[in-house]
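Here's the letter readout for the chains.
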Amino acid sequence: MTKYFRDGGGDAVAVDFFPLDVTNFGPAIQKIQAAKPDMVVSALVGGAHVSFYRQWAAAGMKSRIPMASTTFGGGNESLLLSPEEGDGIVCAFSYFQEVDNAANKAFLEKFRAKLGANTPYLGAELAMRSYTGMRLWAEGVKRAGTTDRMKVIEALGSGISVDGPPGRTMLDPKTNHVTLDVYVAEVKNRGFNVLQHFPNSPPADTQSVCDLQKEPNANRQVVVDVRI
Amino acid sequence: MDLVLATGIQALSGIATLLLISLGLAIVFGMMRVINLAHGEFLMLGAYSAILAVQAGINLWVAMLVVAPLCVGLFGVVVERLVIRRLYGRMVDTMLATWGLSLALIGAVTMIFGNTVAGFSAPLGSVQIGAYSTSGYGLFLIAATMVLLAAVWAVLRFTPAGLIARGTMQNAGMAAALGVPTERVYALSFAAGAAVSGLAGALIAPMSGVVPTMGTAYIARSFITVITGGAAMLAGTSSAAGLLGSVNTLGTFVTTPVLGEVLMLAVAILLLRLLPQGITGRFFRRSL
C-alpha cells in the first residue's frame, strides 16, 4: 500500500499492523487523530477487527477522515455494520452484487429464482470468484474434451476465458492468475454503490516476477518487489 | 494536557473492557472452581440477544441491560443443570465439556442466524477532548463497569445471599452441615456468572464485530486476567485488569499494537512466575 501511495504521488504518515484478536482500537484511533492524515486505508480482516470500524464511527471520526479498504466487504463486513457506521467506506473488488450489467442481472434473476426466500446477499467477490473458478475449469474440460487431469491442465494453459456477471475473466498462462474487471464501490446501506469500473485489469505485479511459459516447472517462491 | 487526558481515558477504557469481559468468568471460577471454556460464547450469546432484541423493536438500553443478562442467565441455569452439575470436582472433564459446549454454541448460532447479523451502532455520540474525540459510549462503558463491579461486591459483602455464597465457596461441607442447599447455591452462582457475561457481551456489542466466533477473541484475554488475579475474585480480577489493561494500552501507544499485545502477555507470564497464586495470592489476601 505504501508503494502504491508513493506511486500515486502520496505518502504514508504511519503504518500499523494488528494481531487478529485485537478488539480495542482506541489507542490506534487516537494515534490517527494525532497524525491527522488525509485518509485512512484499512487492510483489517476478521470478526475481531470489525471493532475498528465501529469504534471509529463511535469516536465521531467518520465525518472527519475518509476511509478506503482493500479488504472490507470480502467477509460481508458491510452486513455487520449499521449504515451510519459503514456508509462511505470505499472498497475495490473484482465483483459486487450491485455491478450493473446484463449478465449480472440475468444471473441474479436465476439465482433468486432457484433459492427463493433463502437467497443470500453475495456482497463482494468471494462467492462469485469461486463460481467463476468452477466455470473456468468447465471451460478447460470442454476444450480438452475429457476430464483427464493433464489434458485439462494443458487446455487451461492455452488461454481460455469465460464471460459472466463480473465481466470477462481470462486465465493468464504465464502466471496462472486471471485478468479480470475491477470495480471501486462505496458502502451504502449495508450494500455497495459501484463508482468506477476498470475492465481487463491484468495481474501486473505477479507478471513482473513470474513466467510459467518460460519456466513451466518453476518451484521457487517469487516475491514481488515493493521496495520504495 | 488533552493528550494526557485522552490517553488516560483510553487506558481506563482498556482496563474496563478487560474487567467487563472477565467478571463473569471470575465469578464462576472464583465461586465454583469451574473452568468455563464456553465463557467467550456466553459473551457472544449476550451480544446476539441484545442485537436480536433491538431488531425486534425493544429499546436499546432495555435490550442491553435487561434482556441480554436475563437470556444468558437462564441459559446458564440450563447449562448448569445439564452439564456442569454432573461434573463438580472434575476440573479436566468440565473443561472438556465446556469446550464442547463452546463449539456447539458457535455451530448452533451459525446455523440459526448465519455468519452475519446486522448490528446496531453505539449510542451517545462522540465527546471532544481538545484535539481528540472519543466515543461517549466508551465513557459509559467505563462507568457501567465500575457500577457492575460495585454491585457484585455489595451483593457478596452485604446481603445474606452473598454471605451464604461466600460461605459455600470457602467450605461447602460445613455450609451443607449448617443446612445450606449448596447445589442451589452453585446453580445460582453459575447463573449469576452467566448473566454477568451476557451483560458484558451486550455492552461490548456496539463496539465490536458480532459474529458467531467472536468469543475466541475474548476468551484468552479473560482467562489471563482471571488467572493473573488469583483467588480473590473481585480484588484479583480488577487489579489484574488494571495492570494488564494499562500495560496493553500504553504499550500500544508507545510502540506498536503487536508489541502492545506481546508486552501484556509478557507481564502476565512474569507475574505468574513470581506469584504463582496470582496477585491476590500475596496482596489483598483477605479481600473478596
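What counts, and at which threshold
- Residues numbered from 1 in each chain as written.
- Chains lettered and ligands numbered in written order.
- Predicted model: local features only at pLDDT ≥ 70, side-chain atom pairs only at ≥ 80, totals over all residues.
- Heavy atoms only, no water.
- Helix = DSSP H or I, 4+ residues; strand = E, 2+ residues; numbered from the N terminus.
- Rg over C-alpha atoms; globule rule 2.2 N^0.38 Å.
- Buried < 20%, exposed > 50% of the residue type's maximum accessible area, 1.4 Å probe, protein only.
- Contact = heavy atoms within 4.5 Å.
- Lys, Arg positive; Asp, Glu negative; His and termini not counted.
- Charge placed at Lys NZ, Arg CZ, Asp CG, Glu CD.
- Pairing = 2+ DSSP bridges.
- Phe/Tyr/Trp six-rings, centres within 6.5 Å; stacked < 30°, edge-to-face > 60°.
- Lys NZ or Arg CZ within 6 Å of the ring centre and 35° of its normal.
- Salt bridge = Lys/Arg side-chain N within 4 Å of Asp/Glu carboxyl O.

Engineer: I would appreciate a short explanation of the overall build of chain B in the present structure.
Structural biologist: From N to C terminus, chain B includes 12 helices and two strands. Reading chain B from its N end, one meets helices and strands in the order α-α-α-α-β-β-α-α-α-α-α-α-α-α. Taken over the C-alpha trace, chain B has a radius of gyration of 19 Å; the compact-globule value for 288 residues is 19 Å, and the two agree within 12%. Projected onto its principal axes, the C-alpha positions of chain B cover 65 × 45 × 35 Å. Across the 288 residues in chain B, those meeting the buried criterion constitute 55%. Restricting to contacts in chain B with at least 6 residues of sequence separation, those with at least 24 account for 75%. Once the 13 positive and 6 negative side-chain charges of chain B are each reduced to a mean point, those two points are 13 Å apart.

Engineer: Would you mind showing me how to read the pairing of strand β2 (residues 132–135) of chain B here?
Structural biologist: Two faces, one strand: in a regular strand the side chains alternate between the faces of the sheet. Residues and elements named next belong to chain B. By the alternation rule, side chains of β2 split into Tyr132 and Thr134 and Ser133 and Ser135, which are all buried. Bridge analysis of strand β1 (residues 126–129) against β2 gives four bridges, and the strand direction is antiparallel. Residue pairing for β2: Val127 is matched across the bridge by Thr134. Following β1, the chain reverses through two residues before pairing antiparallel with β2; Gly130 in that reversal takes a positive phi of roughly 60 degrees.

Engineer: I'm lost on the packing of aromatic side chains in this one. Help?
Structural biologist: Each aromatic ring pair is summarised here by two numbers: the centre-to-centre distance and the angle between the ring planes. Tallying each qualifying case throughout the model produces 16 aromatic pairs over all chains. Aromatic side chains A:Phe96 and A:Phe192 sit 4.6 Å apart centroid to centroid with 45 degrees between the ring planes, which places their arrangement in the tilted category. Separated by 96 residues along the polypeptide, A:Phe96 in the loop between β3 (90–93) and α6 (102–115) and A:Phe192 in strand β7 (residues 191–201) bring together distant segments of the chain. We note that A:Phe96, like A:Phe192, is buried. When the centroid spacing of 5.6 Å and the interplanar angle of 40 degrees are considered together, the rings of B:Tyr137 and B:Phe140 count as tilted. One end of the pair is B:Tyr137 and the other is B:Phe140, both in helix α5 (residues 136–158) and three residues apart, which spans about a single turn. Since its relative accessible area comes to 0%, B:Tyr137 is described here as buried. The cationic tip of B:Arg33 hangs over the ring face of B:Phe29; the distance from NZ or CZ to the ring centre is 4.8 Å.

Engineer: Explain the side chain of B:Thr168 to me, please; I cannot follow it from the model alone.
Structural biologist: Examined against the element boundaries, B:Thr168 turns out to sit in helix α6 (residues 160–170). Those residues within four positions of B:Thr168 in sequence are excluded, and the remaining contacts are B:Ala175, B:Val180, B:Thr182, B:Val185 and B:Tyr186.

Engineer: I would appreciate a short explanation of the environment of B:Gly278 in the present structure.
Structural biologist: All names here are of chain B. With respect to the element layout, Gly278 can be found in the loop between α11 (257–274) and α12 (279–282). For the pair formed by Gly278 and Ile84, sequence separation is 194 residues and the distance between their alpha carbons is 25 Å. Leaving out residues up to four positions away in the same chain, Gly278 has contacts with Ile227, Thr228, Gly229, Gly230 and Leu272.

Engineer: Could you clarify how one ought to interpret the pattern of salt bridges in this entry?
Structural biologist: When the charged atoms of two side chains with opposite charge come close together, those side chains can pair. Under the definition given, this model contains 12 salt bridges over all chains. Two residues, B:Arg85 and B:Glu183, come together in a salt bridge whose shortest N-O distance is 3.6 Å. Placement of the pair is B:Arg85 in the loop between α3 (60–82) and α4 (91–113) and B:Glu183 in helix α8 (residues 182–204), with a sequence separation of 98 residues. On the accessibility criterion, B:Glu183 (44% relative accessible area) is partly exposed. Among the charged side chains, a salt-bridge network with shared partners connects A:Asp21, B:Arg221 and B:Glu261.

Engineer: How should the side chain of A:Ser78 be read in this particular structure?
Structural biologist: All names here are of chain A. Along the chain, the position of Ser78 falls in helix α4 (residues 77–80). Accessibility expressed as a relative area gives 2% for Ser78, which makes it buried. Not counting chain neighbours up to four residues away, the residues in contact with Ser78 comprise Phe72, Tyr121, Val187, Arg190 and Phe192.

Purely geometric numbers; function is a separate question.
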